[in-house]
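Fold and contact review
What follows is the residue order along each chain.
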Amino acid sequence: MGLFSSPAKVYKPAADVDLGPGSDEFYISPNVKAPRVAGLLVKIFVWILEMPIVGQIVLYILKKDNLINKLVSDADIPEPPLFTATHSWEDTPEQNVRLTKPDLSAAERVQEAVGCLPARLEATLAADAPTQQGLKRWTIRDFADAYSSGETTPVQVATRFLAAVKESSAPGGLNMAFFISCDPEDVMRQAEESTLRHQRGAPLSALDGVLVAVKDEIDCAPYPTTGGTRWLGAARRCVGDAACVAQLRACGAILAGKANMHELGAGTSGINPHHGSARNPYNASKIAGGSSSGSAAVVCAGLCPVALGVDGGGSVRMPAALCGVVGFKPTAGRLSNAGVLPLNWTVGMPGILAGTVEDALIAYSAIVDQSQPSYLRPELNLPQLKSTLSMNNIKLAKYAKWFNDSAEDIRSCCDKALKTLQAHYGWQYLPVGCNCKTVDVTIPEIEEMRLAHYVTIGSECTTSLAKYLDKLKRSEIGWDARVALSVYGSFSSRAYLNSQRIRNRQMYFHKEIFKTADVIVSPMTGVTAYTLQDDAFDTGELDYINGAALVRYSIAGNFLGLPAITVMVGHDKGGLPIGLQFIGRPWSEATLLHIAFAMQEACAKGHKKPAVFYDLLKKE
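Because the structure is a prediction, the values reported are computed rather than measured.

1. Points about the overall build of the chain
For the chain, the count of helices and strands is 21 helices and 17 strands. Here the chain has a C-alpha radius of gyration of 23 Å; the compact-globule value for 620 residues is 25 Å, and the two agree. Seen along its three principal axes, the alpha-carbon backbone of the chain occupies a region of about 75 × 60 × 50 Å. Once local pairs closer than 6 in sequence are excluded, the contacts in the chain between residues at least 24 apart make up 80%. The distance from the centre of the 60 positive side-chain charges to the centre of the 61 negative ones in the chain is 2 Å.

2. Notes on a nonpolar patch on the surface
A grouping of L40, L41, I44 and W47 is seen on the molecular surface, where their side chains present a nonpolar patch of about 420 Å² in accessible area. Tracing the backbone through its elements, the reader meets I44 in helix α1 (residues 40-49). For I44, a relative accessible area of 35% gives the class partly exposed.

3. Topic: helix α16 (residues 446-469)
The end-to-end C-alpha separation of α16 is 33 Å, in line with the 34 Å expected for 24 residues at 1.5 Å each. At T463, α16 is bent by approximately 30 degrees, the largest bend along its length. The element α16 is extensively covered by neighbouring structure, given that 20 of its 24 residues are classed as buried.

4. Here we look at empty space enclosed by the protein
It is a probe the size of a water molecule, rolled over the atoms, that shows where empty space is left. Overall, the coordinates contain four cavities of 30 Å³ or more when judged by the stated rule. Here the largest cavity defines a volume of roughly 100 Å³. If you trace the largest cavity, you find 13 residues lining it, with R137, W138, G302, C304 and P305 closest to the centre. A per-class count over the lining of the largest cavity returns eight nonpolar, three polar and two charged.

5. Points about the pairing of strand β17 (residues 577-584)
With eight of its eight residues buried, β17 lies for the most part within the structure. Both faces of β17 are covered, namely the face carrying P577, G579, Q581 and I583 and the face carrying I578, L580, F582 and G584. Between strand β16 (residues 564-571) and β17, which follow one another and run antiparallel, lie five residues, and G575 among them has a positive phi close to 85 degrees.

6. Notes on the pairing of strand β7 (residues 283-287)
Across two bridges, strand β6 (residues 279-280) lies against β7 in antiparallel orientation. When the bridges of β7 are listed, R279 appears paired with I287. Connecting β6 to the next strand, β7, in antiparallel fashion are two residues.

7. Thoughts on the environment of V325
Inspection of the secondary structure puts V325 in the loop between α12 (317-323) and β9 (326-329). A sequence separation of 28 residues divides V325 from A297, and the C-alpha atoms of the two residues are 8.8 Å apart. The contact partners of V325, leaving out residues within four places of it in the chain, are R137, A296, V299, C300, A320, A354 and T566.

8. A look at the nonpolar core
Counting residues in each nonpolar core, the largest one holds 196 residues, and the members touching the most others are F161, Y364, V569, F582 and M599. Among residues more than four places away in sequence, those in contact with Y364 are F328, P330, R334, L335, I352, L380, L382, E589 and L593.

Rules of the game
Residues numbered from 1 in each chain as written. Predicted model: local features only at pLDDT ≥ 70, side-chain atom pairs only at ≥ 80, totals over all residues. Heavy atoms only, no water. Helix = DSSP H or I, 4+ residues; strand = E, 2+ residues; numbered from the N terminus. Rg over C-alpha atoms; globule rule 2.2 N^0.38 Å. Contact = heavy atoms within 4.5 Å. Lys, Arg positive; Asp, Glu negative; His and termini not counted. Charge placed at Lys NZ, Arg CZ, Asp CG, Glu CD. Patch = residues over 30% accessible without salt bridge, like charges linked within 9 Å, V, L, I, M, F, W, Y side chains within 5 Å. Areas by Shrake-Rupley, 256 points an atom, 1.4 Å probe, with all protein chains shown as cover. Salt bridge = Lys/Arg side-chain N within 4 Å of Asp/Glu carboxyl O. Buried < 20%, exposed > 50% of the residue type's maximum accessible area, 1.4 Å probe, protein only. Expected span 1.5 Å × (residues − 1). Bend = angle between axes of the 7 residues up to and from the residue. 1 Å grid on protein atoms, 1.4 Å probe; cavity = no way out; pocket = protein on both sides within 12 Å on 5 of 7 lines; lining within 4 Å. Points joined across faces, edges and corners; volume = space filled by probe spheres on them. Nonpolar A, V, L, I, M, F, W, Y, C, P; charged D, E, K, R; others polar. Pairing = 2+ DSSP bridges. Core = buried A, V, L, I, M, F, W, Y, C linked by side-chain atoms within 4.5 Å.

Structure (structure tokens):
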């Protein structure tokens, strides 16, 4: 500590911290005052940082008296470090679920999931078609029904898809930058094979012929895996499908291409100087969010009912909320990381983006990892969504100071959504005897957790990329990513170890809260999608204020390996989507999907159609 530096924090033992609503624990809202930096200013900042001696001095000055030092690096923390956010198998009772057999194939699990969905009223495609004002998303079951009835074929849908990708990608047109790579020949080959299976009456599953986009952080043959860069695809060869992609392929899904992303996952905007910046289909002048920007945008625009992303710090759930779709991150260990770029070993994992909760469930059932020995593998419960009304005694934990630390539109919309949920399902607040109640809690050290996660994900990113970065010219990396890597590389071993001590404390806090509540509820982001600025397209931007607001509610899911889901509950005054998040106990995915489905059903009528939207089931 320097002579004029503020003293570092001394933490009391986690067991002594009051988690009740009357706790005197001080809530720290991210006090980010840095101006937005883009264009030439980003380049100047990078040049300074990368000067051999001057850069080290600048980093030292920037870090000397900031919160990472006070709350993490130099802090006095009594707990030992916890290095992985894994959870032992806990037999947590869940309501209205179907227990699946452990030896089912991916296609058989999909069939089980379809059997958990509510019955639908018979209607023609024309009657259900998306309207000009409202929003009707075609689901996996819609595509499966259209194929089985002969009303359309996977080839016809793939043809419309490729035409939409071409139209939306035109630089002089929409320039939506949904995909980094999309091979029309490969897409059509898969579609033709699926069409033949349907013509023979032998589809592999309900996913057969359904288009699924894959974030370019996940291996999917025949494409290279670039991580949003120009160089990583050549430095690390893709030799086959990631585990989750292989399971989708075994179900007959059409792998639609590699969706765009923020370079190396090192940002929240989705602005990519190499492959174009994915735009928000609700307003093409706004960001799609990151880092799974393209995956969220393609689902929002109707190009795919499902996409795969990777969530290391909210990178699935954040863009899902900004684009008005479902973002689902299961418990750490529930999905396999095999074939996913190892950018952050202990906080990142695949996740699902879908137009509806029902489709998130079907995709989840397909890609869940059942390869571990049975004594290590938690039982897989699938939620009986047809019986959500009979859910009893659901307890939602809410930390008011944290919940309310968001833009007014978001705060009021999320509050209204919870009241709508209670009215729609008869769920009430605190009176005894009600089916559902909200429990007021305190979640201590929220900002400390965000900073500890930042140190962790940054340290792991630079370590995982070290063998490539040592041989790479810095000019091959985007300007904003170079700033991120410079900061990441400056974290000390002490900062990393203390971050894991904070992780241990937060694991204790959350386990205590889950003794009295089933889920924790919060907004998904502190702000809605903000405007893309022209000066950022070539350099990226350093917008720490919006970045901190976007990740405010994301961290526990990754840092603690907890399952979490976001669903759209409304729009801000500008018509941009707002998401509400539910964070669950380890291995409680079925409960989360139940609650998210109830929330979706309660709010669906008010959803608006995106400005950029494609109807792939339209009649010729």
